[in-house]
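# Remarks on the overall topology
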Amino acid sequence: MAYNVDKSDAQWREELSPDQYAVLRQAGTERPWTGELLDEERAGVYTCAACNAELFKSGTKFDSGCGWPSFYESVDPDAVQLIEDNSLGVARTEVRCANCGSHLGHVFPDGFGTPTGDRYCMNSISLNFSEKSGE
Ligand SMILES: [Zn+2]
């Protein structure tokens, strides 16, 4: 897939912190319960930490108890790219930013009690938050 934002590996390394690079560009996973945005409850939007594309709205964030920021849907189906991921010997669905291809986390069909039943389990370090009323 061709992304709107297309940077070389060297550019990403320069722009992102080492921790951000490990997650966003190498599909790493931050330790649970460590993310800055885990307990963020203000109204606003969550954007990609690599390219600033809008990804999630605060109204879809819920407390899943898994230790990572969780949302039941993205701002738009086209905002994220879903990729089958069979690493670790488990069938999972990877979630990437559709604008720059950076790794965000995984989506699981266990968002029990939410309107979609999905749980977008996101690395906090992959996201930035902007306060904005009405979201
Ligand atoms: Zn992005």
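Everything here concerns the structure above.
Everything in this summary refers to the structure shown in the same document. Quick caveat: nothing in here was measured; it's all calculated off a predicted structure.

Reading the values: rules and limits
Residues numbered from 1 in each chain as written. Predicted model: local features only at pLDDT ≥ 70, side-chain atom pairs only at ≥ 80, totals over all residues. Heavy atoms only, no water. Helix = DSSP H or I, 4+ residues; strand = E, 2+ residues; numbered from the N terminus. Rg over C-alpha atoms; globule rule 2.2 N^0.38 Å. Buried < 20%, exposed > 50% of the residue type's maximum accessible area, 1.4 Å probe, protein only. Contact = heavy atoms within 4.5 Å. Areas by Shrake-Rupley, 256 points an atom, 1.4 Å probe, with all protein chains shown as cover. Pairing = 2+ DSSP bridges. Phe/Tyr/Trp six-rings, centres within 6.5 Å; stacked < 30°, edge-to-face > 60°. Lys NZ or Arg CZ within 6 Å of the ring centre and 35° of its normal. Donors = N, O, S within 2.8 Å, 3.2 Å for Na, K, Ca; no water. Axes fitted to C-alpha atoms, helices over the stretch in contact; angles between N-to-C directions.

## Quick word on the overall build of the chain
Helices and strands together make up the secondary structure of the chain, namely two helices and nine strands. Helices and strands in the chain line up, N terminus first, as α-α-β-β-β-β-β-β-β-β-β. Here the C-alpha radius of gyration of the chain, 14 Å, is about what a compact globule of 135 residues would show, namely 14 Å. Its C-alpha atoms give the chain principal-axis dimensions of about 40 × 40 × 30 Å. Split into buried and exposed, the 135 residues of the chain put 48% on the buried side. Residue pairs at least 24 apart in sequence account for 56% of intrachain contacts in the chain once pairs closer than 6 positions are excluded. Surface accessibility of the chain: about 7300 Å² in total, with carbon and sulfur atoms responsible for 45%.

## Quick notes on the sheet that holds strand β8 (residues 119-122)
What the six strands build is an open sheet, ordered β3-β4-β8-β7-β6-β5; its pairing is antiparallel. Because the sheet does not close on itself, it has two edges, and the strands there are β3 (61-62) and β5 (80-85). Relative to β8, strand β4 (residues 70-71) is paired through two bridges, and the arrangement is antiparallel. Within β8, the position partnered with Phe71 by the bridge is Tyr120.

## With respect to the packing of aromatic side chains
For the structure on display, the rule yields four aromatic pairs. On the basis of an interplanar angle of 15° and a centroid distance of 4.3 Å, the ring pair of Phe56 and Phe71 is categorised as stacked. With Phe56 in strand β2 (residues 54-57) and Phe71 in strand β4, this pair connects stretches of sequence that are 15 residues apart. Looking at Phe56, the relative accessible area reads 0%, which means it is buried. On the accessibility criterion, Phe71 (0% relative accessible area) is buried. Ring pairs connect the aromatic residues Tyr46, Phe56, Phe71, Tyr120 and Phe129, which therefore count as one cluster. Of note, Lys7 hangs over the ring of Trp12, and the distance from its end group to the ring centre comes to 5.0 Å.

## Some words on the coordination of the zinc ion
Around the zinc ion, the protein supplies Cys48 (SG), Cys51 (SG), Cys97 (SG) and Cys100 (SG) as donor atoms, at distances of 2.3 to 2.4 Å. For the zinc ion, all donor residues lie on one chain, and their spacing in sequence is C-x2-C-x45-C-x2-C. Residue Cys51 is found in the loop between β1 (44-48) and β2, and its partner Cys97 is found in strand β6 (residues 92-97); the two are separated by 46 residues along the sequence. You can call Cys51 buried: its relative accessible area is 18%. Residue classification places Cys97 among the buried positions, given a relative accessible area of 0%.

## A closer look at the sheet that holds strand β9 (residues 127-131)
In space, the three strands of this open sheet follow the order β2-β1-β9, with antiparallel pairing throughout. Here the strands that pair on one side only, and so sit at the sheet edges, are β2 and β9. Across the sheet, the mean angle from the axis of one strand to that of its neighbour is 30°, orientation sign disregarded. In the sheet, β1 pairs with β9 via five bridges, with the strands oriented antiparallel. Opposite Gly44, over in β9, you have Glu131 as the bridge partner.

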